[in-house]
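Spelled out from the first residue to the last, the chains are:
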Amino acid sequence: MNVIEQISINGEWVTPQGSELFDLFNPATGAVTGQLRLANEADALRAIVAAKAAFPAWSHTSKEERIAALTRMRTALARYQQPLLEAIVQEYGAPAARSSWMASYPVAVIDEAIKALQQFEFSTTIGQARMEMTPLGVAGLITPWNSDAGFICGKLAAALAAGCTAVIKPSEMSARQTQIVTQALHEAQLPPGVFNIVTGRGEVVGEVLSRHPDVAKISFTGSTTTGKAILRNAAESFKRVTLELGGKSPTIILDDADLAKAVPLAIQAGLINSGQACIAGTRILIPVSRKAECEAALALAVAAVKSGDPLDPATEVGPMVSEKQWQRVQSYIRLGQEEGARMLVGGEGRAGGGERGWSVRPTLFTEVNNQMRIAREEIFGPVLCVLTYQDDAEAVAIANDTDYGLSALVLGSDETRAKRVAGQILSGRVLVNTLHHEAAAPFGGFKHSGIGREMGRWGLAAFMEPKTIVSQKNAAR
Ligand code: NAD
């Protein structure tokens, strides 16, 4: 059996001191495909020491030196797109034909960090003061299993660009992808200690990072529950914290929408990454005046979605990442029926009626009201809710009646009106008639969807502290 037994500390592959073995699965079959030896507290502490030792030299590198290092990182990652894609499909069942973007995304986010760094003003004069953006220190980067490589590379590139060093705690469930990323990072010849990768349990390694006084910053992507725990732990040492958390994103289909265009976008937004995406548009708001027509078009589209074998080129929705997640999706499909929603498509059980693996039936509920748990809680699977509204004002009110605020989509023929509606939605990102991801723009959530922003100059600044120096010389200028 394939056992992953190495982590990366101070620029070297090392065997973790932790001895617990964690099973790795193929979600398509449910079979164990390997094991991971988990890092423990001692490994986390060692990584923090290495990152702390590397910080003084790295924080004094020039912009040009950092750009050169990030460019080496980018070149190395670009060589690993194919193995990364294979790991993505095998490890979390992403449909092969629709997941190549996940394998190229790490390169794209490093490119964005390089661009942001090239344009970043580290030092400016403000009145009589000189303001200098100062790197925070050791950054703890904690990432989820979905889009493992993209999150590791995005956070690391921003941290390094800012002059921080890093200890990365990836999800246990994406260990193969992490191995590939680590191999590429070693080939990029970054100075020892500037990045360290310690894969272990969240409540072990993640806890050490979020409590340790030598970690100045936590950048976390994951669930809202874990985000709250991190925020509490980080308070003791006043860590700077960026949290990218969950969502229950609304898609508003306006009453002038051309359903031939709107419905495919709504379904794509809802089922992105097999529904296992923070930004998934899982609440679809339709005008009551066009209820029957919208329901019929949405039901037809969901029924046509092929779910199952990730290696089948026709598959759009792959299996859930774990048995636990499969059970969770099943329980919400039951809950929707208990709560009185009407199921238009889907239901419990495996796609195609198979007996193995964690495939699910994409499910569409209508006659959902916004107080039902299926409309309020993040399910993290292909379960979509349809809610009706009377007019634009009510659509906005329902869209905003949520603890979350990560992403939203507005679909309508009159772009000006659609933008007016978009302007009233409380969400970090609102898309209008498009699913385009503008990677240079800030990304993050309102309310329980997070704190702070990633990407572009906002993402870089999140790893720095402004320092103001006021002197006679400044004053004389
Ligand atoms: P998770 O919160 O269970 O785990 C995320 C990471 O946190 C993992 O590495 C985990 O080991 C670690 N962790 C767990 N407990 C911890 C603790 N007490 N202290 C420190 N670290 C701990 O999330 P997941 O299941 O891996 O990912 C799915 C969740 O992530 C969903 O809620 C989804 O919405 C969210 N997500 C958000 C974004 C975004 O950009 N906003 C992107 C992707 C996923």
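Described in the following lines is the structure provided in the data block.

Thresholds, definitions, all that
Residues numbered from 1 in each chain as written. Predicted model: local features only at pLDDT ≥ 70, side-chain atom pairs only at ≥ 80, totals over all residues. Heavy atoms only, no water. Helix = DSSP H or I, 4+ residues; strand = E, 2+ residues; numbered from the N terminus. Salt bridge = Lys/Arg side-chain N within 4 Å of Asp/Glu carboxyl O. Contact = heavy atoms within 4.5 Å. Phe/Tyr/Trp six-rings, centres within 6.5 Å; stacked < 30°, edge-to-face > 60°. Buried < 20%, exposed > 50% of the residue type's maximum accessible area, 1.4 Å probe, protein only. Near = heavy atom within 4 Å. Polar contact = N/O pair within 3.5 Å; in protein donor to acceptor, adjacent residues only side chain to side chain. Areas by Shrake-Rupley, 256 points an atom, 1.4 Å probe, with all protein chains shown as cover. Nonpolar A, V, L, I, M, F, W, Y, C, P; charged D, E, K, R; others polar. Pairing = 2+ DSSP bridges. Right-handed = clockwise from strand over helix to strand, strands pointing away. Expected span 1.5 Å × (residues − 1).

**Comments concerning the environment of T125**
- Among the structural elements, T125 can be located in strand 6 (residues 123–126).
- Residues T125 and V470, 345 residues apart in the sequence, show an inter-C-alpha distance of 9.8 Å.

**Notes on the pattern of salt bridges**
- One pass over the full model with this rule turns up 22 salt bridges.
- The salt bridge partner of K115 is E112, with a shortest N-O separation of 3.3 Å. Taken as a pair, K115 and E112 lie in helix 4 (residues 100–119) at a separation of three residues, close to a single helical turn.
- Three or more residues joined by partner-sharing salt bridges are found here, namely D255, D256, D392 and R417.

**Concerning the side chain of N273**
- In this fold, N273 is placed in the loop between helix 9 (259–271) and strand 14 (283–287).
- Sequence-distant contacts of N273, that is, excluding residues within four places in its chain, are made with M102 and N146.

**Considering the packing of aromatic side chains**
- Applying the stated criterion to the full structure yields five aromatic pairs.
- Centre to centre, the rings of F25 and W358 are 5.4 Å apart; their planes meet at 65°, and the pair counts as edge-to-face. One end of the pair, F25, is in strand 4 (residues 21–26); the other, W358, is in the loop between strand 15 (342–347) and strand 16 (361–366), and 333 residues separate them in sequence.
- Ring centres 6.1 Å apart and planes at 85° place the aromatic pair W145 and F380 in the edge-to-face group. Highlighted residues: W145 in the loop between strand 8 (138–142) and helix 5 (148–162) and F380 in the loop between helix 12 (373–376) and strand 17 (383–389), separated in sequence by 235 residues.
- On the basis of relative accessibility, which here comes to 17%, the residue F380 falls in the buried class.
- What links up through ring pairs into an aromatic cluster is the set Y92, W145 and F380.

**Some words on the site of the ligand**
- Residues in close proximity to the ligand total 27 residues, the closest being T143, K169, S223, L245 and E378.
- Within the contact set of the ligand, an oxygen atom lies 2.8 Å away from a side-chain nitrogen or oxygen of T226.
- Within the backbone of E244, one N or O atom sits 3.5 Å away from a nitrogen atom of the ligand.
- Burial of the ligand by the protein amounts to 88% of the accessible area it has alone, namely 850 Å².
- Elements represented by at least two residues in the shell around the ligand include exactly helix 7 (202–211), strand 11 (215–221) and helix 8 (224–235).
- With three residues, the single largest contributor to the shell around the ligand is helix 7.
- Tallied by class, the residues present in the shell around the ligand amount to twelve nonpolar, ten polar and five charged.

**Focus on the pairing of strand 13 (residues 250–253)**
- Along strand 13, one buried face is formed by P250 and I252 and the opposite face, lined by T251 and I253, is buried too.
- Judged from the three bridges that link them, strand 13 and strand 14 form a sheet pairing that is parallel. Looking at the pairing, P250 lines up with R283 of strand 14.
- In the classification by handedness, the crossover that spans strand 13, the intervening helix 9 and the parallel strand 14 is right-handed.

**Looking at helix 6 (residues 175–187)**
- Here helix 6 is 13 residues long and its end C-alpha atoms lie 18 Å apart, about the 18 Å a rise of 1.5 Å per residue gives.
- For helix 6, the tally of buried residues reaches ten of 13 residues, placing the bulk of the element in the interior.
- For helix 6, the set of buried residues is A175, R176, Q177, T178, I180, V181, T182, A184, L185 and H186.
- Q189 lies just past helix 6 and shows a positive phi near 55°.

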